[in-house]
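Close look at the chain arrangement
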Amino acid sequence: DPTTDQDSNTGELDALSVVIPVFNEETWVPTAVDALLAAADAAGLTLDVVVVDDGSTDSTLAVLEDLAERTGIRLLEQANAGRLAARSAGLALARQPWVLLLDSRVIMEPNSLSLLRQQISEHPERRVWCGQVDVETQGNSFAAFWSGLVKIGWRRYTANPRLVSFGAEEFDYFPKGTGCLLMPRDLLLDAVHGFESLYDAAHLASDDTRLLRQVASQQRIWLSPELRFRSNCKTGERGLARQSTLRGTTIVDW
């Protein structure tokens, strides 16, 4: 696999920057951060967590300020500009050679970072990892609908979850996303800088698929059922409308 000189110097996964974009997530973000910290502690990892508040209009900012005081995470505030802009702002502040993108509704399993650390130590060529995200569907018909589409659309993997990797040629056959994505910081920076959305409005840009296609052309992306994460979809009419917009823009920016 092609690598840059910077990528080859990434080394062991001993320390990790985590970038979490947040918009109106007062309920879920404390759970996501606490689960992340517990997983890092179990793995013996040094963490550098940057949470970017993307112009929240509820009490999210106050919740994040309390979290920062309690846990030492770094907090960045910006006017609402969309998830891609929030991630880019957080990535610019990341201090470690490895970066994990994590969404604020994604709850990390306690052993996930331990498994990642072991994999990268034993197989240093495995440099990009997507988490297998299990969508919580109980009491959420929208989440159940989307989870069903994932199982059907990517049945090559979902019918038989296993350790796999894929490059550009097999890209469309496997589930992937930026909600839980680990790779070397330099590789991610290159992908973000090279990303071009089909939308003129930056806040509508979806960095999920087009960004990952670029990554897959340079490094194989790894996926394993042992690296599991729980995702909680939005509920309520406004939440579902926002989630539907996100899914729609993702499909357009395919």
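Residues numbered from 1 in each chain as written. Predicted model: local features only at pLDDT ≥ 70, side-chain atom pairs only at ≥ 80, totals over all residues. Heavy atoms only, no water.

So, the overall build of the chain
Counting secondary structure elements, the chain contains ten helices and nine strands. Counting across all 254 residues of the chain, residues that qualify as buried make up 50%. Expressed as a percentage of contacts within the chain between residues at least 6 apart in sequence, the contacts between residues at least 24 apart total 81%. A total of about 11600 Å² of accessible surface is found on the chain, and carbon and sulfur atoms cover 50% of it. (Helix = DSSP H or I, 4+ residues; strand = E, 2+ residues; numbered from the N terminus. Buried < 20%, exposed > 50% of the residue type's maximum accessible area, 1.4 Å probe, protein only. Contact = heavy atoms within 4.5 Å. Areas by Shrake-Rupley, 256 points an atom, 1.4 Å probe, with all protein chains shown as cover.)

A short note on the packing of aromatic side chains
The tally for this structure, following the rule as stated, stands at three aromatic pairs. Judged by centre distance (6.0 Å) and plane angle (35 degrees), the rings of Trp 129 and Trp 222 are tilted. Taken together, the residues span a long stretch of sequence, with Trp 129 in strand 6 (residues 128–135) and Trp 222 in strand 9 (residues 221–231) at a distance of 93 residues. Residue Trp 129 shares its accessibility class with Trp 222, and that shared class is buried. With a centroid separation of 5.4 Å and 10 degrees between ring planes, the pair formed by Phe 166 and Phe 174 is classed as stacked. On the basis of relative accessibility, which here comes to 0%, the residue Phe 166 falls in the buried class. Grouping aromatic residues by their ring pairs yields a cluster made of Phe 166, Phe 171 and Phe 174. It is Arg 126 that lies over the ring of Trp 222; its NZ or CZ is 4.3 Å from the centre. Just above the ring of Tyr 173 sits the side chain of Arg 156; from NZ or CZ to the centre is 3.9 Å. (Phe/Tyr/Trp six-rings, centres within 6.5 Å; stacked < 30°, edge-to-face > 60°. Lys NZ or Arg CZ within 6 Å of the ring centre and 35° of its normal.)

Digging into helix 5 (residues 112–122)
Within the span of helix 5, buried status applies to Ser 112, Leu 113, Leu 115, Leu 116, Gln 119 and Ile 120. Looking straight down helix 5, one finds its buried side chains confined to an arc of 155 degrees; they lie on one side. (Arc of directions from axis to C-beta.)

Side note on the pattern of salt bridges
Applying the stated criterion to the full structure yields ten salt bridges. Residues Arg 126 and Glu 125 are paired through a salt bridge, measuring 3.9 Å at the closest nitrogen-oxygen approach. Judged by relative accessible area, Glu 125 falls into the partly exposed class, the value being 43%. Measuring nitrogen to oxygen at the nearest pair gives 3.1 Å for the salt bridge that ties Glu 170 to Arg 220. Taken together, the positions of Glu 170 in the loop between strand 7 (164–166) and strand 8 (180–184) and Arg 220 in the loop between helix 9 (209–216) and strand 9 put the pair 50 residues apart, joining distant regions of the chain. For Arg 220, a relative accessible area of 26% gives the class partly exposed. Ionic contacts of the salt-bridge type, sharing partners, join the residues Arg 83, Arg 87 and Asp 103 into one network. (Salt bridge = Lys/Arg side-chain N within 4 Å of Asp/Glu carboxyl O.)

A look at the pairing of strand 4 (residues 98–102)
For strand 4, the buried fraction is high: five of the five residues fall into the buried class. Residues Trp 98, Leu 100 and Leu 102 point to one face of strand 4 and Val 99 and Leu 101 to the other, with burial holding for every one of them. Note: strand 4 against strand 8, five bridges, orientation antiparallel. Directly across from Val 99, in strand 8, lies its bridge partner Met 183. (Pairing = 2+ DSSP bridges.)

Considerations on the packing of helix 2 (residues 29–43) against helix 5
Between helix 2 and helix 5, the least distance of the axes is 7 Å, while the angle of their chain directions is 45 degrees. It follows that helix 2 is oblique to helix 5 by the angle criterion. In the packing of helix 2 onto helix 5, the handedness of the crossing is right-handed. Residues Leu 36, Ala 39, Ala 40, Ala 42 and Ala 43 of helix 2 pack against Leu 113, Ser 114 and Arg 117 of helix 5. Its residues assigned to classes, the contact of helix 2 with helix 5 shows six nonpolar, one polar and one charged. (Axes fitted to C-alpha atoms, helices over the stretch in contact; angles between N-to-C directions. Parallel < 35°, antiparallel > 145°, perpendicular 65-115°, else oblique. Left-handed = near helix turned anticlockwise from the far one by under 90°. Nonpolar A, V, L, I, M, F, W, Y, C, P; charged D, E, K, R; others polar.)

Quick look at the environment of Gln 96
Inspection of the secondary structure puts Gln 96 in the loop between helix 4 (83–93) and strand 4. For Gln 96, a relative accessible area of 21% puts it in the partly exposed group. C-alpha of Gln 96 to C-alpha of Arg 185: the two residues are 89 residues apart in sequence and 7.4 Å apart in space. Non-local contacts of Gln 96, meaning those with residues more than four positions away in its chain, are made with Ala 15, Leu 16, Ser 17, Asp 48 and Arg 185.

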